[in-house]
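Inside the fold
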Amino acid sequence: MSAASAASATTVRAPRRRGAGLGLVAWLAGVVFFLPIAWMALTSFHSEADAATNPPSLAASLTLDGYRDFFGVGGGASPWPALVNSTVASTVSTALVLLLALPAAYALSIRPVRKWTDVLFFFLSTKMLPAVAGLLPIYLFAKNAGMLDDIWLLVVLYTSMNLPIAVWMMQSFLAEVPVAVIEAARVDGARLPTILARVVAPIALPGIAATALICFIFSWNELLFARVLTGVVAETAPVFLTGFITSQGLFLAKVCAASLVVSLPVLAAGFAAQDKLVQGLSLGAVK
């Protein structure tokens, strides 16, 4: 083999080794992140006595007692009202965020306003305020307005909390929409609502899906405002979950079962939209 051939073979093998090394690191990172979830799922099928052992036993017998207790089979509180409240608050607020963020992102990307970078910084700066700093004013407002323990108050709060990050994300997604397509639609007589619904939205669908999924996750997992502003009627799933931690002790198997059930909607939504999520999060990464 000539020196040139040997050098060429070495050049080809080097990227392969690098790719294999990066793949191994990615798999290890995936296992590290997945291991706590798998451990939680396994613990949820153990009895409380087996779940409380230290170290936990992998060979312990499996049971559905944790799930029966969570769903109130033994006479406890039913989780369905809390799950319905979380579904309504997360779904409606996400829809409102997309409805408001799409025209705002259009104005900041395709039809940019003056000093649009300052506008984006202002949107992002609203997320820098600790949530607990605004808790008392919001509580007093809700109390005087008679909106305590009202699911629609959470819808308004979640919409306002997620709107800045949604505008920030969708601005970068809409910046990749070809202006020529929009100009062609405008020449054909299409108005702005038609352009947004039939031209911009289909092209930016992966980015919109990624934004919707992130807003849904943030709304579903929110605990602080839901804990303070709701009681019985508008109780959400995370608030219901905290009820399993009592002064009598931590019921580990029951908490793991409840955590797994509460996490399923988010996991299902992420799995269903995983292709759109990857496309959306990588949109604009390669010029």
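One structure accompanies this document, and this report is about it. Remember, it's a predicted structure, so these values are computed and weren't measured experimentally. (Residues numbered from 1 in each chain as written. Predicted model: local features only at pLDDT ≥ 70, side-chain atom pairs only at ≥ 80, totals over all residues. Heavy atoms only, no water.)

Take the overall build of the chain next. Secondary structure assignment for the chain yields 14 helices and two strands. Split into buried and exposed, the 287 residues of the chain put 33% on the buried side. Here the chain has roughly 16,700 Å² of accessible surface; of this, 71% comes from carbon and sulfur atoms. (Helix = DSSP H or I, 4+ residues; strand = E, 2+ residues; numbered from the N terminus. Buried < 20%, exposed > 50% of the residue type's maximum accessible area, 1.4 Å probe, protein only. Areas by Shrake-Rupley, 256 points an atom, 1.4 Å probe, with all protein chains shown as cover.)

Here we take up the packing of helix 4 (residues 80-109) against helix 10 (residues 205-221). The N-to-C vectors of helix 4 and helix 10 enclose an angle of 140°; their axes lie 9 Å apart at closest approach. The orientation of helix 4 with respect to helix 10, classified from their angle, is oblique. Here helix 4 runs over helix 10; the crossing is right-handed. Judged by residue contacts, L83, S86, T87, S90, T91, S93, T94, V97, L98 and L102 of helix 4 engage I208, T211, A212, C215, F216, S219 and W220 from helix 10. Residue composition of the contact of helix 4 with helix 10, by class: nine nonpolar, eight polar and no charged. (Axes fitted to C-alpha atoms, helices over the stretch in contact; angles between N-to-C directions. Parallel < 35°, antiparallel > 145°, perpendicular 65-115°, else oblique. Left-handed = near helix turned anticlockwise from the far one by under 90°. Contact = heavy atoms within 4.5 Å. Nonpolar A, V, L, I, M, F, W, Y, C, P; charged D, E, K, R; others polar.)

Among soluble globular proteins, nonpolar side chains are generally buried collectively. One finds L102, Y106, I110, M170, L174, I182 and V200 to be the most contacted residues of the largest nonpolar core, which totals 25 residues. Residue assignment for this core shows that the elements contributing at least two residues are helix 4, helix 7 (151-174), helix 8 (179-187), helix 9 (192-203) and helix 10. If near-sequence neighbours (up to four positions away) are discounted, I182 is found in contact with Y106, I110, V177, I195, V199 and V200. If you look at the next biggest cluster of nonpolar residues, it comprises 17 residues, including F216, F240, A257 and A258. (Core = buried A, V, L, I, M, F, W, Y, C linked by side-chain atoms within 4.5 Å.)

Now for the packing of aromatic side chains. As enumerated under the stated definition, the model contains five aromatic pairs in all. For the ring pair F45 and Y67, a centre distance of 5.1 Å and an interplane angle of 40° mean the geometry is tilted. With a gap of 22 residues between them, F45 in the loop between helix 1 (3-44) and helix 2 (48-51) and Y67 in helix 3 (residues 65-70) connect regions that are remote in the sequence. By relative accessible area, which is 30% here, F45 ends up partly exposed. Measuring from centroid to centroid gives 5.7 Å for F71 and W80, while their planes differ by 35°, and the two rings are tilted. (Phe/Tyr/Trp six-rings, centres within 6.5 Å; stacked < 30°, edge-to-face > 60°.)

What follows is about the pattern of salt bridges. Summed over all chains, the structure comprises two salt bridges. The shortest N-O distance in the salt bridge between R186 and E183 comes to 3.1 Å. Here R186 pairs with E183, and both are found in helix 8, just three residues apart, close to one helical turn. A residue is classified by how much of its surface remains accessible, and R186, at 31% relative accessible area, is partly exposed. (Salt bridge = Lys/Arg side-chain N within 4 Å of Asp/Glu carboxyl O.)

Once that is clear, we can look at the packing of helix 10 against helix 13 (residues 252-272). One way to put it is that helix 10 packs onto helix 13 with a least axis distance of 10 Å and a crossing angle of 175°. On the basis of their axis angle, the class for helix 10 and helix 13 is roughly antiparallel. Two secondary-structure elements touch here, helix 10 through L213, F216, I217 and W220 and helix 13 through V262, P265, V266, A269 and G270. Residue composition of the contact of helix 10 with helix 13, by class: eight nonpolar, one polar and no charged.

What follows concerns the environment of A104. Structurally, A104 is set in helix 4. With 64 residues separating them in the primary sequence, A104 and W168 have C-alpha atoms 9.5 Å apart.

At D149, a position not held by glycine, the phi torsion is positive, near 60°. Here D149 shows up in the loop between helix 6 (135-144) and helix 7.

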